[in-house]
Amino acid sequence: MGKVYLIGAGPGDPELLTLKATRLLAQARAVIYDRLVPSGILAYANPSARLVYAGKEPGRQQEIQQDILAALVEHASKPGIVVRLKGGDPMVFGRGAEEWLHLAERGIDVEVVPGVSSAISVPALAGIPLTYRGVASSFAVVAGHRQNLEAPDWSCYRGIDTLVVLMGVEFRDIIATTLIELGRPACLPVAFIERGSTPEERVVTATLGDVARGRVLVQSPAVFVIGEVVSLRTALTAAATEAAVAH
Ligand SMILES: C[S@@+](CC[C@H](N)C(=O)[O-])C[C@H]1O[C@@H](n2cnc3c(N)ncnc32)[C@H](O)[C@@H]1O
């Protein structure tokens, strides 16, 4: 019987992999990886490892998830290390715990290797801290996909200073409208960070009102940050530019 390591690949930059993830990738017999895991990270896999793509095409998620579970059980039935590689951290909107439970119920040994979640790291890399003394002392990470919008109670985030929405690109205008209806000001600064930590990273800043009016064009995957902390970006990134010039 093999052992499955449920590993977080971080937001995209291979240098944000943990040392433990890098070591296990080099030892693995099979690597089952998700759509958001870039090829630069797979380059750390053992050259003789079997690489299995497990990306979920829209509309077939449930069916593909069943195939992934079956593939994990099959690969784990032979001796050696099986890596299940997921974008960011495997326990943040990644179905990591569901896969762990499925394997544990079949007597398969599982160990988690946490990864750097896009929720915190992608805003930070763009010069947006989720908390800042005197500006924001709390944040929440929320799923912005359809399931969460159909049974939403966005009012429960009322007292939270910074909202970080993952999977929120498609329904961004509905999310923004709902938050304004619940009392957030339309002038509140927001940011979308597309493909954070990769060479294709793009940051779009706007206001909540702009997003509600459908004026903000962005592509998935992106982290949607809502709150006053977004306005710190200008000063933080300007300071970085000045330091680079000074050296
Ligand atoms: C299914 S969730 C998985 C989150 C992941 N487990 C994590 O901890 O980052 C996928 C969403 O994460 C966000 N995301 C992941 N990687 C990203 C990146 N490099 N840049 C921007 N957003 C990213 C996007 O909102 C995307 O729709």
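Chains are numbered independently. Their residues run from 1 in the order of the written sequence. This being a predicted model, a pLDDT of at least 70 is required before a residue's local features are given, and a value of 80 or more before pairs of side-chain atoms are given or counted; all residues contribute to the totals for chains, interfaces and linings. For the side-chain quantities, the full set of heavy atoms in the structure was used; hydrogens and water were omitted.

Student: Hey, could you run me through the pairing of strand β2 (residues 30–33) in this one?
Tutor: Where a strand is regular, its side chains alternate between the two sheet faces. Only protein chains enter the area calculation, which uses a 1.4 Å probe; residues under 20% of their type maximum are buried, those over 50% are exposed, and those in between are partly exposed. Runs of E in the DSSP output that reach at least two residues are strands. Runs of H or I that reach at least four are helices, and both are numbered from the N terminus. Burial along β2 is two-sided: the residues Ala30 and Ile32 and Val31 and Tyr33 are all buried. Relative to strand β3 (residues 50–53), β2 runs parallel, the two sharing four bridges. When the sheet's bridge partners are listed, alanine 30 is paired in β3 with arginine 50. One ladder, built from four bridges, connects β2 with strand β4 (residues 81–86); its direction is parallel. When the sheet's bridge partners are listed, alanine 30 is paired in β4 with valine 82. By the convention used here, strands pair only if DSSP detects at least 2 bridges between them.

Student: Is there a simple way to explain the packing of helix α3 (residues 61–76) against helix α4 (residues 96–105) in this structure?
Tutor: Helices that pack against each other are described as a pair by the angle of their axes relative to one another and the distance between those axes. Axis definition: a line fitted to C-alpha atoms, over the contacting stretch in the case of helices. Angles run 0 to 180 degrees between N-to-C directions. Remark: α3 packs on α4, axes separated minimally by 10 Å, with the N-to-C direction vectors making an angle of 45°. As the angle between them shows, α3 and α4 are arranged oblique. The handedness of the crossing between α3 and α4 is right-handed. Touching Gln65, Ile68, Leu69, Leu72 and Val73 of α3 are Glu99, His102 and Leu103, all from α4. Broken down by class, the residue content of the contact of α3 with α4 amounts to five nonpolar, two polar and one charged. Geometric relationships in this document are graded by angle, where less than 35 degrees denotes roughly parallel, more than 145 denotes roughly antiparallel, 65 to 115 denotes roughly perpendicular, and other angles denote oblique. Working rule for handedness: look at the near helix, and if it is turned counterclockwise from the far one by less than a right angle, call the crossing left-handed; if clockwise, right-handed. Every residue pair with non-hydrogen atoms within 4.5 Å of one another is taken to be in contact. Ten residue types, Ala, Val, Leu, Ile, Met, Phe, Trp, Tyr, Cys and Pro, are classed as nonpolar, four, Asp, Glu, Lys and Arg, as charged, and the remainder, Gly among them, as polar.

Student: Would you mind showing me how to read the packing of aromatic side chains here?
Tutor: For any pair of aromatic rings, the description rests on two quantities: the centre-to-centre distance and the angle between the ring planes. To pair, rings of Phe, Tyr and Trp, with the six-membered ring standing in for Trp, must have centres within 6.5 Å; the planes then decide the type, stacked if under 30 degrees apart, edge-to-face if over 60, and tilted in the middle. Under the criterion given, the structure shown has three aromatic pairs. Ring geometry for tryptophan 154 versus tyrosine 157: centroids 5.7 Å apart, planes at 70°, classification edge-to-face. Residue tryptophan 154 is classed as buried on the basis of its relative accessible area, which comes to 5%. Between phenylalanine 192 and phenylalanine 224 the ring centres are 4.2 Å apart and the planes differ by 15°, which places this aromatic pair in the stacked class. In this pair, phenylalanine 192 is assigned in strand β8 (residues 189–194) and phenylalanine 224 in strand β10 (residues 222–226), connecting sequence segments 32 residues apart. Phenylalanine 224 matches phenylalanine 192 in its accessibility class, with the two residues each being buried.

Student: For this particular structure, what's the right way to read the sheet that holds strand β5 (residues 109–113)?
Tutor: Strands pair in a sheet through their backbones, by hydrogen bonds, and they do so in one of two ways: parallel or antiparallel. Strand order in this open sheet of five strands is β3-β2-β4-β1-β5, and the pairing throughout is parallel. Because the sheet does not close on itself, it has two edges, and the strands there are β3 and β5. Put simply, the sheet's adjacent strands are angled 20° from each other on average, direction ignored. This element, α4, spans β1 (3–8), β4 and β5 of the sheet and lies at about 175° to β1.

Student: What is the right way to read the pattern of salt bridges from this model?
Tutor: Pairing between side chains of opposite charge can happen when the charged atoms of each approach one another. One speaks of a salt bridge when a side-chain nitrogen belonging to Lys or Arg is within 4 Å of a carboxyl oxygen belonging to Asp or Glu. Following the criterion strictly, the structure yields twelve salt bridges and no others. Lysine 20 is the partner of glutamate 111 in a salt bridge, and the nearest nitrogen-oxygen pair spans 2.8 Å. Of this pair, glutamate 111 sits in strand β5 while lysine 20 sits in helix α1 (residues 19–27); the two residues are 91 residues apart in sequence, bridging distant segments of the chain. Judged by its relative accessible area of 24%, glutamate 111 is partly exposed. A relative accessible area of 35% means that lysine 20 is categorised as partly exposed.

Student: I'm lost on the environment of serine 138 in this one. Help?
Tutor: Note on placement: serine 138 falls in the loop between α5 (118–125) and β6 (139–143). It is 8.8 Å that separates the C-alpha atoms of serine 138 and leucine 163, two residues lying 25 residues apart in sequence. With residues near it in sequence (within four places) discarded, serine 138 still touches Leu130, Thr131, Gly159, Ile160, Asp161 and Thr162. A 3.5 Å cut-off defines polar contacts: any pair of N or O atoms within that distance qualifies, except that in protein one atom must be a possible hydrogen donor and the other a possible acceptor, and neighbouring residues in sequence count only when both atoms are side-chain atoms. A distance of 3.1 Å separates the side chain of serine 138 from the backbone nitrogen of aspartate 161, its partner in a polar contact.

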